[in-house]
Structure formats: C-alpha cells, structure tokens
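# Structural overview for review
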Amino acid sequence: MGEHLKIPPEKIPQHVAIIMDGNGRWALSRGLPRLAGHRAGTENLRRIIRASVEFGVKYLTIYAFSTENWGRPPEEVKGLMHIFEDVIDRELAELHKEGVQLRHIGRLERLAPKLHKKVLDAVELTKDNDRLVLNVAFNYGGRDEIVYAIQRIVESGIPAEDVNAELVSQYLFTAGVPDPDLVIRTSGELRISNFLIWQTAYSEWYITPTYWPDFNKEEFRRALEDYARRDRRFGGVSAAVDNKVHAS
Ligand code: IPE
Ligand code: IPE
Ligand code: MG
C-alpha cells in the first residue's frame, strides 16, 4: 500500500507537535467561509490521530487555539469554540475506545463554563489510557505558560538557587511530557507563533506548504521519514564523528 513506515522503531519520534495552520486559506481557495476550513481541519485531525497511533507515536500535541487567536473576529472565535465542543461530543467515545489519553494545555478559565467542564470530563474519562497521549493546546500561549509557571514558583516560596530548567519544566502545562522531537507546521509559515517556546528548544522542524486540511497520512509518513534521517546533535558532535574521534 506504500503506507508502511520505512523507519526503524527507535527513529520514530516519541512526541510530535503540530501547528495546524492554513484552514482559512484552504477555505478561501475554495470560495468557502473560514469556518468551513476549520471544520475540514478537524476532519483531518481525526485521520492524523489515527495515523499517530498506527505509526507508534506516543505523544501528539496539537495547536488548536492560541492566546492570540482571541483577536480574531468574534464570529470566528465563537465558531472555533463550537467546533471544539462538537469535536469532544462526537469523537470522545471513539478516542477513549482506541486508548487515547486526552490532556489539555493552556488555560481553561476563559472558556465558557460548559466547554470548560466538557474538557475536564474528557481528561478525567481518558486518564488511564496509554496508547497515545493527545495534548490539546487550546487557549494556549507559550509566554502565558512561562509567566504562569513563574507565578506559581514564586508563590510556593522556592529559593532562587533551587530554580533550574528541570524545575521550570515541572511547572509548565506539559509537566511529565517529554519535549517534542518533531514539530510540524502546515501552510508554509516560518514562525513559532508562541507555541511551546520552552519545550521546542531542541526539536526538529518540518514545514510544509500544504494547508492543514490537506495534510494527509501520506505526508505525515513523509515527515516522519524525513525526521528519521536527521542528525540530532544537541550542541554536541554527531555520533558518527564522535565514534571516529574515539577510535583514532
Ligand atoms: C489554523 O488555521 C487554525 C487556527 C488558528 C484556529 P488559520 O485559521 O490560522 O488559517 P489561515 O492561516 O488563516 O489560513
Ligand atoms: C497558530 O496559527 C495558532 C494555531 C494554529 C492554533 P496562527 O494562524 O494563529 O498564527 P499566525 O498568526 O500566522 O502567526
Ligand atoms: Mg493561520
């Protein structure tokens, strides 16, 4: 079928994070309203979640609504809230059955109480699932996350000399989740847009011009294969070079 991964299991990224961008332009290019693009985007999301399970990705983080997205026209914001609620209503049972653990990153407080509760219930229902952890970044901003972490560190009275990178990580929404190995951004934009600014310090990037609703399993597979060929050095030297130096 040509869909099977030609990647050894140890080269599959454990954590993939996706900036699902380009829904609006996808719709515009078809003469449709932007919200039709968002709906098509959620249809695609369910395909990519299933592909993640199939490919053996353990953590998938998706950027669904940023702290900056509140600045969009009120009708679009309202529409996005509805779509999120709808997705939970329609997909939760199936996701639960498939062993997906849902988590939320970002702030729930600003969401309508009904949606807020739906998210908490979904998180509670799926908390023991372990096939795939799906982090939904909704009302998420990287700077907001760091500010919130600092506030809580200060409040808890931790002495300054005990503050280190590990401690900060524990105060982020992603506490306990390994950093993303691979970040995918669709629609060709070359920016981070306030997504996981702390956690992606050493992530690999895959940027594609494809709009999110068209980013299919086949392209996802290509992204993972591309990742598998990368040489992650984390500021050191490549393993191949290192072996050679030690051998001489
Ligand atoms: C991404 O698509 C979805 C959200 C930000 C909610 P956009 O809505 O940003 O689509 P473009 O970038 O305008 O095409
Ligand atoms: C990033 O996309 C946020 C999400 C995908 C939810 P945006 O479309 O909001 O980002 P900018 O405005 O192009 O940077
Ligand atoms: Mg966009």
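The rules behind each value
In this numbering scheme, every chain counts its residues from 1 along its sequence in written order. Lettering of chains starts at A and numbering of ligands starts at 1, both following the order in which they are written. Owing to the predicted nature of the model, reporting of local features is limited to residues with pLDDT of at least 70; listing and counting of side-chain atom pairs is limited to 80 or more, with chain, interface and lining totals taken over all residues. To get the side-chain values, all heavy atoms of the structure are used, and hydrogens and water are removed first. We define a salt bridge as a contact between a side-chain nitrogen of Lys or Arg and a carboxyl oxygen of Asp or Glu at a distance within 4 Å. Summary of the burial criterion: residues with accessible area below 20% of their type's maximum are buried, those above 50% are exposed, and those between are partly exposed, where the area comes from a 1.4 Å probe applied to protein chains only. Segments assigned H or I by DSSP are reported as helices when at least four residues long, segments assigned E as strands when at least two residues long, and all are numbered from the N terminus. Contacts: residue pairs with any heavy atoms within 4.5 Å of one another. Being near a molecule or strand, for a residue, means having at least one of its heavy atoms within 4 Å of it. Definition of a polar contact: a pair of N or O atoms within 3.5 Å, with one able to donate and the other able to accept a hydrogen when the atoms are protein atoms, and with sequence-neighbouring residues admitted only if both atoms are side-chain atoms. Note on areas: Shrake-Rupley with a 1.4 Å probe; residue coverage comes only from the protein chains shown. Residues belong to one nonpolar core when they are buried, are Ala, Val, Leu, Ile, Met, Phe, Trp, Tyr or Cys, and are joined through side-chain atoms within 4.5 Å. Two strands pair under a simple rule: DSSP has to find at least two bridges between them. An axis is simply a line fitted to the C-alpha atoms; with a helix, the fit covers only the stretch in contact. Between two such axes, the angle follows the N-to-C directions and lies from 0 to 180 degrees. Any residue outside Ala, Val, Leu, Ile, Met, Phe, Trp, Tyr, Cys, Pro, Asp, Glu, Lys and Arg is labelled polar, Gly included; the first ten of those are nonpolar and the last four are charged.

In this section: the pattern of salt bridges. One side chain can pair with another of opposite charge once the charged atoms of both are near each other. Summed over all chains, the structure comprises 31 salt bridges. When the shortest N-O distance is used, the salt bridge between arginine 25 and aspartate 21 registers 3.6 Å. Relative accessible area serves as the criterion here: at 30%, arginine 25 is assigned to the partly exposed category. Take aspartate 21: its relative accessible area is 17%, and that puts it in the buried class. The partner of arginine 221 in a salt bridge is glutamate 225, and the shortest N-O contact between them spans 2.8 Å. Here glutamate 225 and arginine 221 lie together in helix H7 (residues 217–228), a separation of four residues that amounts to about one turn. The two residues arginine 221 and glutamate 225 agree in class, both being buried.

Among the secondary structure elements, asparagine 23 is positioned in helix H1 (residues 23–28). Look at asparagine 23 and you get buried, because its relative accessible area is 11%. Excluding residues within four positions of it along the chain, asparagine 23 makes contact with Gly37, His38, Gly41, Trp212 and Pro213.

With that settled, consider the site of ligand 2. Close to ligand 2 lie Ile19, Met20, Asp21, Tyr63, Ala64, Phe65, Asn69, Arg72, Arg185, Arg191 and Ser193. Here an oxygen atom of ligand 2 sits 2.6 Å away from a polar atom, N or O, in the side chain of serine 193. Protein burial of ligand 2: of its 390 Å² of free accessible surface, 78% is covered by the chains. Take the shell around ligand 2: its biggest share by element is three residues, from strand S2 (residues 59–66).

Attention now goes to the nonpolar core. The biggest cluster of nonpolar side chains holds 44 residues, and the ones touching the most others in it are Val16, Ile184 and Phe220. Excluding its chain neighbours within four sequence positions, the residues that come into contact with isoleucine 184 are Val16, Ala17, Ile18, Ile19, Tyr206, Phe215, Phe220 and Ala223.

Here the focus is the sheet that holds strand S4 (residues 132–140). Ordered in space as S3-S4-S2-S1-S5-S6, the six strands form an open sheet in which the pairing is parallel. The sheet is open, and its two edges are formed by strand S3 (100–105) and strand S6 (204–207), each paired on a single side. For this sheet, the mean angle separating the axes of adjacent strands, direction not counted, is 20°.

Turning our eyes to something else, we now look at the site of ligand 1. Lining the immediate environment of ligand 1, one finds Met20, Asp21, Gly22, Asn23, Gly24, Arg25, Arg34, His38, Ala64, Asn69, Arg72 and Leu80. A distance of 3.2 Å separates an oxygen atom of ligand 1 from a polar atom in the backbone of asparagine 23. Between ligand 1 and the protein, one listed contact pairs an oxygen atom with a side-chain N or O atom of arginine 25 at 2.7 Å. Relative to its unbound accessible surface of 380 Å², ligand 1 loses 86% to contact with the protein. Elements with a contribution of two residues or more to the shell around ligand 1: H1 and helix H2 (34–55). In terms of residue count, H1 provides more of the shell around ligand 1 than any other element does, three residues in total. Within the shell around ligand 1, the residues separate by chemical class into three nonpolar, five polar and four charged.

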